[in-house]
Amino acid sequence: DAGAAAGAAGENPLAQIPRGIDLGPFLPQGNRFSFRMPEDAILPRQGTDPYGLAILFNIACAGQVRLAEIVPGAGPQQVPIQCTDENGEQLPPSDYVIGISRVYAYETRTNTNPVIEKITFEGKDVDLAQGITVDRCTAATRMECPETKIDVRVSDSSWEENPSDVVDGRVLREQLWVSLYSDKGEIETDARLLFDTTKGRPPETEVTYRAAAEPGRGTLWAVVHDNRGGQAWVVVPVTVR
């Protein structure tokens, strides 16, 4: 098509898309996406094994996704998309998140996503369909709210070798960590280490959670990463009574 031809000719294929329209109906939707890596993606690289690289862009927008106007002379790192209201007015940063994912391809190397075996709350396995239920916090300050403990358990097989990380002839393993988020309560730390590159699983991986002051229903997200781009996540319903 015209966009592909322009890209092949070195021009910006986004220039073929009209400004001022909501791109949502034309974009893939949902929290999963798959694609086929081009057959010729793997290329020779100086000082390392041949590999290919694809970059996927994503956006979570509480509005409409539109192409942004590129300002001449403002530099090459301008973001070409924006999140707007129905009238085309730019929404504040609290209403959108833009991200990228790098996907590497090798002839012989493999990398599987981490496997989340279970979530525990106060030492007990969580039924992901039922979620967790906690009493609301009635303390005067957030730090005085009762502490509860959430833990994320990943399989031992998730701790894979990392061929790119070699020290004194020894191939190290991946680093794995979990990030937790909730819209109904507070998580004490942004991330918790689940596997070290050399020492394996730490003795303590629990994260402190404090319930919200207002009763209601919400969500907790646990996202597990490895340091080669692998990811896995679970969604846990939260009820504050």
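Placed above this text is the structure.
Below or above, wherever it landed, is the structure these notes cover. (Residues numbered from 1 in each chain as written. Predicted model: local features only at pLDDT ≥ 70, side-chain atom pairs only at ≥ 80, totals over all residues. Heavy atoms only, no water.)

Things to note about the sheet that holds strand S5 (residues 96-105)
Convention followed: A pair of strands counts as paired when DSSP detects no fewer than two bridges linking them. Runs of H or I in DSSP of at least four residues are treated as helices and runs of E of at least two as strands, each being numbered from the N terminus. What counts as an axis is a line fitted to C-alpha atoms, over the stretch in contact for a helix, and the angles between N-to-C directions run from 0 to 180 degrees.
The sheet built from 3 strands is open, its strands ordered S1-S2-S5 with antiparallel pairing. The open sheet is flanked by strand S1 (43-45) and S5, the only strands paired with a single partner. Shown here is a sheet whose adjacent strand axes are inclined to one another by a mean of 45°, direction ignored. Pairing of S1 with strand S2 (residues 48-61) involves 2 bridges; the strand directions are antiparallel. Across the sheet, Leu-43 pairs through a bridge with Tyr-51, a residue of S2.

A closer look at unusual backbone geometry
Selection criterion: Each residue is assigned to one of three classes by its accessible area relative to the maximum for its type, calculated with a 1.4 Å probe on protein chains only: buried under 20%, partly exposed between the two thresholds, exposed over 50%.
Of note, the phi angle at Glu-122 is positive, near 55°, even though the residue is not glycine. One can find Glu-122 in the loop between strand S6 (116-121) and strand S7 (124-125). Here the phi dihedral of Asp-168 falls at roughly 55°; this positive angle occurs in a residue that is not glycine. For Asp-168, a relative accessible area of 79% corresponds to the exposed category.

Topic: the environment of Pro-93
Among the structural elements, Pro-93 can be located in the loop between strand S4 (81-84) and S5. With a relative accessible area of 63%, Pro-93 lands in the exposed category. Spatially, the C-alpha atom of Pro-93 lies 40 Å from that of Glu-107, the residues being 14 residues apart in sequence.

Describing the pattern of salt bridges
How we decide: We define a salt bridge as a side-chain nitrogen of Lys or Arg found within 4 Å of a carboxyl oxygen belonging to Asp or Glu.
Scanning all chains against the criterion turns up 11 salt bridges. For Asp-125, the salt bridge goes to Lys-118, with nearest N and O atoms at 3.4 Å. Two residues, Arg-142 and Glu-186, come together in a salt bridge whose shortest N-O distance is 4.0 Å. Note that Arg-142 is positioned in the loop between strand S8 (132-134) and strand S9 (148-154) and Glu-186 in strand S13 (residues 186-187), a separation of 44 residues in sequence. For Arg-142, a relative accessible area of 29% gives the class partly exposed. Relative accessible area serves as the criterion here: at 32%, Glu-186 is assigned to the partly exposed category. Through salt bridges that share partners, Glu-147, Lys-149, Glu-188 and Arg-210 make up one connected network.

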